There are 2 protein chains.
Amino acid sequence: MRPRQLPSYYIDGLRAGDRLVLSRAITLVESQLPADQLLARQVMEGVLPYSPQTSVRVGITGVPGVGKSTFIEAFGTYLTSLGNQLAVLAIDPTSQRSGGSILGDKTRMESLSMDPRAYIRPSPAGDSLGGVAHRTRETMLFCEAAGFDVILIETVGVGQSETLVHGMVDFFLLLMLAGAGDELQGMKRGIMELADALAITKADGDNANAANRARVEYQNALHLFPPTGTGWQPPVVTCSATTGSGIAAIWTMIDQHQALFTQTGERVRHRQTQALDWFRTLLRQQIEHRFFSQPGLQEQLQQLEQQVRSGTLLPTQAVEKITQLPMT
Amino acid sequence: MRPRQLPSYYIDGLRAGDRLVLSRAITLVESQLPADQLLARQVMEGVLPYSPQTSVRVGITGVPGVGKSTFIEAFGTYLTSLGNQLAVLAIDPTSQRSGGSILGDKTRMESLSMDPRAYIRPSPAGDSLGGVAHRTRETMLFCEAAGFDVILIETVGVGQSETLVHGMVDFFLLLMLAGAGDELQGMKRGIMELADALAITKADGDNANAANRARVEYQNALHLFPPTGTGWQPPVVTCSATTGSGIAAIWTMIDQHQALFTQTGERVRHRQTQALDWFRTLLRQQIEHRFFSQPGLQEQLQQLEQQVRSGTLLPTQAVEKITQLPMT
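Residues numbered from 1 in each chain as written. Chains lettered and ligands numbered in written order. Predicted model: local features only at pLDDT ≥ 70, side-chain atom pairs only at ≥ 80, totals over all residues. Heavy atoms only, no water.

Caption draft 1: Region of interest: the overall build of chain A. In terms of regular secondary structure, chain A is built from 15 helices and 7 strands. Burial analysis of chain A (328 residues in total) assigns 52% to the buried set. Counting only contacts in chain A whose residues sit at least 6 apart along the sequence, the fraction spanning at least 24 positions is 74%. When the accessible surface of chain A is totalled, it reaches about 14200 Å², and 53% of it is carbon and sulfur. (Helix = DSSP H or I, 4+ residues; strand = E, 2+ residues; numbered from the N terminus. Buried < 20%, exposed > 50% of the residue type's maximum accessible area, 1.4 Å probe, protein only. Contact = heavy atoms within 4.5 Å. Areas by Shrake-Rupley, 256 points an atom, 1.4 Å probe, with all protein chains shown as cover.)

In structure tokens form, the structure reads like this:
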């Protein structure tokens, strides 16, 4: 095993934009070892004063099959061609279940993974979704400290992960397929309400007309939502990773969004709210951890759980016993 | 204001199957007043020994437009015609947001609401989804104590509420519409995996053929899932609330499921796991409540939140300060 480095090794390396140090710093963040986690925090505190607040954090989601990887490959290559330093991260709830990270991430983005201006980090695995989200936030801060000015965070459009990603980005882009009917819109409403823009993918060849019809339909559907109160009306656009059409326009759109939000102060307010939410979530996790680490608690818990299981004790009664507090 | 009754008033009334007392007991459960909640718990403990474990709890979900109310109207009327005492409860995440309960519940189920063997209780509002789930569980126990032997719990197929409902029922029925494509299946996978059966609704008239095709498609899709390990392979059926076709078969299917699960012991194990999960969720809520009620904590929290908001303190640092514990 490599001996543990000093915090300054990571802090200096990150500030110099060293990719190898960045990867090692992220590995610290993802480690379950207390010593690694302490070191990760020291590094985090060390780079915080130097982390620019100017990066653009973009969340990208969509159902399996919508073409997220192909989109990110085309969009990311366009971004680096403009001179941006791009980091691509992923929050994937399915990778927890299988216990392995998405091995395919780099192979799915073949040219981006060879791009010297791009850095792709697969989703960490073997942790709760909340844990993954926490680590992704820290990873994002490290990437920003290392000079990456655009961060793409990809997630699968199922479950809770979109809400988590939405809570850590400046712009949330929802990829959609043409041909999804009213039922799909109803199901997606919760996610559609989070989106800053919708992009209909695969708008090429035989599918171009369907994509355009879908664009109009979704634009109409979005008008049914209450205004965001930020002055931003989420647009619906079409794009094709194959022909490249619409890709540049999406970046222009994000740029306009950022300009508007910077001007109105909404960008700063948004990030402040996100930092607060992160703090509150972490705090809840820590409170639980403290409670469950009490001496003798696990034994008492097991006894009560046995009674709850057998139906002789109501959950409310069991909670009263273990917390020695009346339920409120 | 009516003076508060003694626990025995509710316990005796519930055991006698008195509807008025049941409604009042549920109102106690839904009340935010500590005195009401204490009384509700006393009543709960009083009826627990008499609550039969033989009721069948059925969760019903589906996207808006699938025809949940019409289905429950037809299915419920069939159940009461067999002599069952039926309670219909709802968990509706949208009712929290608007702050009002579903006023339409009873009008949407016109004949069922006039049925002397049926009891319909709209979703409580003005609480967190977790709070609503807790109260629905308690309401269910009261209904069972009052002699209801079939409990239908309806929820809207968006957000987290299906998981909550799945965690409190013996059988989870997913209603689906014909004409939903591959994308919809992809989105529904998480919910489809929870389902004990799928029913394609509106299988009548011009839609009958499409419903049959959908049945075959979904049946094939379900075969892609890993086996449940319980010996139950979730069937896909079609039904029509208009013609009544398939309605009786759904009850037969649930009956077979219950017979199998009773025989294998899975039914008891399932309820035990649910009781444990309920206990653990309540416990987490209570631990948080206790932490946040500490004297002076709110002031300290406000100061730290100010620093987190301004970016001078990392969330991890703020958590360390307020819990006076190193982060783990």
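Caption draft 2: Highlighting the environment of Ala-197 of chain A. Residues and elements named next belong to chain A. When you line up the elements, Ala-197 lands in strand S6 (residues 197-200). A residue is classified by how much of its surface remains accessible, and Ala-197, at 0% relative accessible area, is buried. Here the alpha-carbon distance between Ala-197 and Leu-175, two residues 22 residues apart in the chain, equals 8.6 Å. Beyond its immediate sequence surroundings of up to four residues, Ala-197 is in contact with Phe-171, Phe-172, Leu-173, Leu-174, Pro-234, Pro-235 and Met-253.

Caption draft 3: Inspection of the relation of the copies chain A and chain B at higher detail. The operation relating chain A to chain B is a screw motion whose rotation component is 180°, with 0.1 Å of axial translation and a residual RMSD of 0.1 Å. What the rotation and shift describe, once combined, is the action of a two-fold rotation axis. Both copies present the same face, since 98% of the interface residues in chain A are matched by interface residues at the equivalent positions in chain B. (Least-squares fit on C-alpha atoms with pLDDT ≥ 70 in both.)

Caption draft 4: Local environment of the sheet that holds strand S7 (residues 236-238) of chain A. Residues and elements named next belong to chain A. Pairing within the open sheet is parallel, and its 7 strands lie in the order S3-S2-S4-S1-S5-S6-S7. Unpaired on one side and paired on the other, strand S3 (118-120) and S7 mark the two borders of the sheet. Within the sheet, the average angular offset between the axes of one strand and its neighbour, ignoring direction, is 25°. The pairing of strand S5 (residues 171-176) with S6 spans 4 bridges and is parallel. Following the sheet pairing, Leu-174 is matched in S6 by Leu-198. (Pairing = 2+ DSSP bridges. Axes fitted to C-alpha atoms, helices over the stretch in contact; angles between N-to-C directions.)

Caption draft 5: Molecular detail of the packing of aromatic side chains. Using the criterion set out here, one finds 12 aromatic pairs over all chains in the structure. With a centroid separation of 5.3 Å and 90° between ring planes, the pair formed by Phe-291 of chain A and Phe-292 of chain A is classed as edge-to-face. Between Phe-171 of chain B and Trp-232 of chain B, the aromatic rings sit 6.3 Å apart at their centres with planes inclined by 75°, giving edge-to-face as the arrangement. One end of the pair, Phe-171 of chain B, is in strand S5 (residues 171-176); the other, Trp-232 of chain B, is in the loop between helix H11 (208-223) and strand S7 (236-238), and 61 residues separate them in sequence. Judged by its relative accessible area of 0%, Phe-171 of chain B falls in the buried class. Take Trp-232 of chain B: its relative accessible area is 11%, and that puts it in the buried class. An aromatic cluster is present here, built from Phe-71, Phe-75 and Trp-251 of chain A joined pairwise through their rings. (Phe/Tyr/Trp six-rings, centres within 6.5 Å; stacked < 30°, edge-to-face > 60°.)

Caption draft 6: Looking closely at the packing of helix H3 (residues 34-47) of chain B against helix H8 (residues 129-145) of chain B. All names here are of chain B. Look at H3 against H8: their axes get within 10 Å of each other, and the N-to-C directions meet at 45°. Here H3 lies oblique to H8, going by the angle between them. The crossing of H3 and H8 is left-handed. On H8, the residues that touch Gln-37, Ala-40, Val-43, Met-44 and Val-47 of H3 are Arg-135, Glu-138, Leu-141, Phe-142 and Ala-145. Grouping the constituent residues of the contact of H3 with H8 by class yields 7 nonpolar, 1 polar and 2 charged. (Parallel < 35°, antiparallel > 145°, perpendicular 65-115°, else oblique. Left-handed = near helix turned anticlockwise from the far one by under 90°. Nonpolar A, V, L, I, M, F, W, Y, C, P; charged D, E, K, R; others polar.)

Caption draft 7: Up close: the pattern of salt bridges. The final tally for this structure, using the stated rule, is 18 salt bridges over all chains. A salt bridge links Glu-144 of chain A to Arg-57 of chain A; the shortest N-O distance between them is 2.7 Å. Taken together, the residues Glu-144 of chain A in helix H8 (residues 129-145) and Arg-57 of chain A in strand S1 (residues 56-62) connect sequence positions 87 residues apart. Each member of the pair, Glu-144 of chain A as well as Arg-57 of chain A, carries the same accessibility label: buried. The partner of Arg-280 of chain A in a salt bridge is Glu-305 of chain B, and the shortest N-O contact between them spans 2.7 Å. (Salt bridge = Lys/Arg side-chain N within 4 Å of Asp/Glu carboxyl O.)

Caption draft 8: Highlighting unusual backbone geometry. Residue and element names in this part refer to chain A. Within the chain, Lys-202 stands out as a residue other than glycine whose phi angle is a positive 60°. Examined against the element boundaries, Lys-202 turns out to sit in the loop between S6 and helix H11 (208-223). Lys-202 sits in the partly exposed class, given a relative accessible area of 38%.

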